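Here is how the chains run, residue by residue.
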Amino acid sequence: MKLENIIEKLPKVDLHVHLDGSVKPETVFDLALDQGITLPTNNIKELSGYLKIEGDCDSLIEYLQKFDFVSQVLHTKEALERVAYEVVEQAYEENCKYIEVRFGPQLHTNKGLSLEEVIYSVIKGLKRGEKRYGVQANVIACCLRHHSTEENKEVIRAASAFHGKGLVGVDLAGDEATYPAHLFREVFELAKQKAIPVTIHAGEAAGPENIREAITNLGASRIGHGVRLKDDPELLNYVLENCIPLEMCPISNIQTKASASWDRYPIRYYFDRGLMITVNTDNMTVSNTCLTKELLILVEKFDFTLMEIGQVIMNSIDASFLDARAKKKLKNKFLAEYKRLEMTSQQVI
């Protein structure tokens with residue numbers, strides 16, 4: 001069996017996938033039609049150009065502009081439930097067995113929904129997809145860098161009502177360079193009080209000082225992206241010694257210029273140093289990607305072996321916000337599948 005085919009068949013985990021960055025173009029078209037929203041084109045193929053990065057992208061800011069368009073149609077319970085369900089469907093098509101889907105609840109309240117209604121609608125869609133496709137799916141609620149402290153604290157409060165009921169963590173996302181991590185200490189102090197696990201986008205569009213701040217003062221137990229970690233050897237050693245996972249998203253990281261080129265992308269260096277790297281899609285639609293494609297990048301660009309790919313996937317289980325019992329159950333399921341694919345447990349753990 002070809003390596004590509006084996007990777008397609010491997011059970012997978014996606015810990016860093018954004019809801020609004022993974023809406024199918026045909027769904028945007030349907031929702032806009034239902035809601036009476038005028039689109040710039042009635043051609044699905046042309047519409048894709050408004051949702052996806054095509055060719056070069058200059059920065060994270062340009063990348064984030066793709067979200068502005070799709071956000072217009074995501075302000076009803078029905079729309080949120082549908083796109084959440086379809087993210088699970090897309091995960092199933094990639095043989096993902098577990099996903100953590102993140103989104104900013106404040107971005108979906110323009111038509112009067114409360115934060116609690118937004119979160120509930122997304123969880124409802126994920127659980128409906130979970131029941132239909134057998135993919136475990138949980139939510140991470142994002143605070144947003146351009147929002148006020150009080151707006152973000154409202155997200156933490158709303159998230160706390162669903163913690164353990166389909167929601168597993170909170171995050172900080174957005175324009176990292178303009179809004180550094182230290183501005184959000186008060187927000188994530190509340191997350192600490194509520195005992196909600198934290199992951200923070202850091203080291204993507206700004207330096208390792210944001211990673212340090214996320215870990216030491218915001219309570220992050222995982223780091224979203226972490227590409228710039230290599231710029232601070234002392235911090236890198238700290239992350240290594242404390243087994244802090246990195247949620248890396250290779251294709252997105254190149255598109256947003258988190259890394260200038262594949263030659264400079266540090267994923268092989270991190271892996272060889274023993275860091276707990278995970279590989280994720282970030283935004284399936286915006287980056288025109290899927291998890292198989294992301295994992296194949298490791299093979300094509302960095303000479304990862306099949307066994308190393310297996311280790312990266314197992315890292316994702318360990319890094320997830322599942323409890324210990326659920327992690328063990330998922331690991332056993334994956335090892336059984338690896339065995340079926342003639343990958344021994346000794347080779348991937």
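Look up: the structure comes first, before these words.
Predicted model only: the values in this text are computed from it and were never measured. (Residues numbered from 1 in each chain as written. Predicted model: local features only at pLDDT ≥ 70, side-chain atom pairs only at ≥ 80, totals over all residues. Heavy atoms only, no water.)

(A) Structural context of the side chain of Asp232. Checked against the element boundaries, Asp232 lands in the loop between β6 (222-225) and α11 (233-241). Once you skip the residues sitting within four places of it in the chain, Asp232 turns out to touch Pro208 and Arg212. (Helix = DSSP H or I, 4+ residues; strand = E, 2+ residues; numbered from the N terminus. Contact = heavy atoms within 4.5 Å.)

(B) Molecular detail of the packing of aromatic side chains. Evaluated as defined, the whole model comprises seven aromatic pairs. For the ring pair Tyr269 and Tyr270, a centre distance of 6.2 Å and an interplane angle of 45° mean the geometry is tilted. Since its relative accessible area comes to 43%, Tyr269 is described here as partly exposed. Taking NZ or CZ as reference, Arg132 lies 4.8 Å from the ring centre of Tyr133, over its face. The ring centre of Phe321 lies 4.0 Å from the NZ or CZ of Arg222, which sits over that ring. (Phe/Tyr/Trp six-rings, centres within 6.5 Å; stacked < 30°, edge-to-face > 60°. Buried < 20%, exposed > 50% of the residue type's maximum accessible area, 1.4 Å probe, protein only. Lys NZ or Arg CZ within 6 Å of the ring centre and 35° of its normal.)

(C) Spatial organisation of the sheet that holds strand β3 (residues 136-144). Spatial strand order, β1-β2-β3-β4: four strands in an open sheet with parallel pairing. In this open sheet, the two strands that pair with only one neighbour each are β1 (12-18) and β4 (167-173). Strand-to-strand twist of the sheet, defined as the mean angle between neighbouring strand axes without regard to direction, takes the value 25°. (Pairing = 2+ DSSP bridges. Axes fitted to C-alpha atoms, helices over the stretch in contact; angles between N-to-C directions.)

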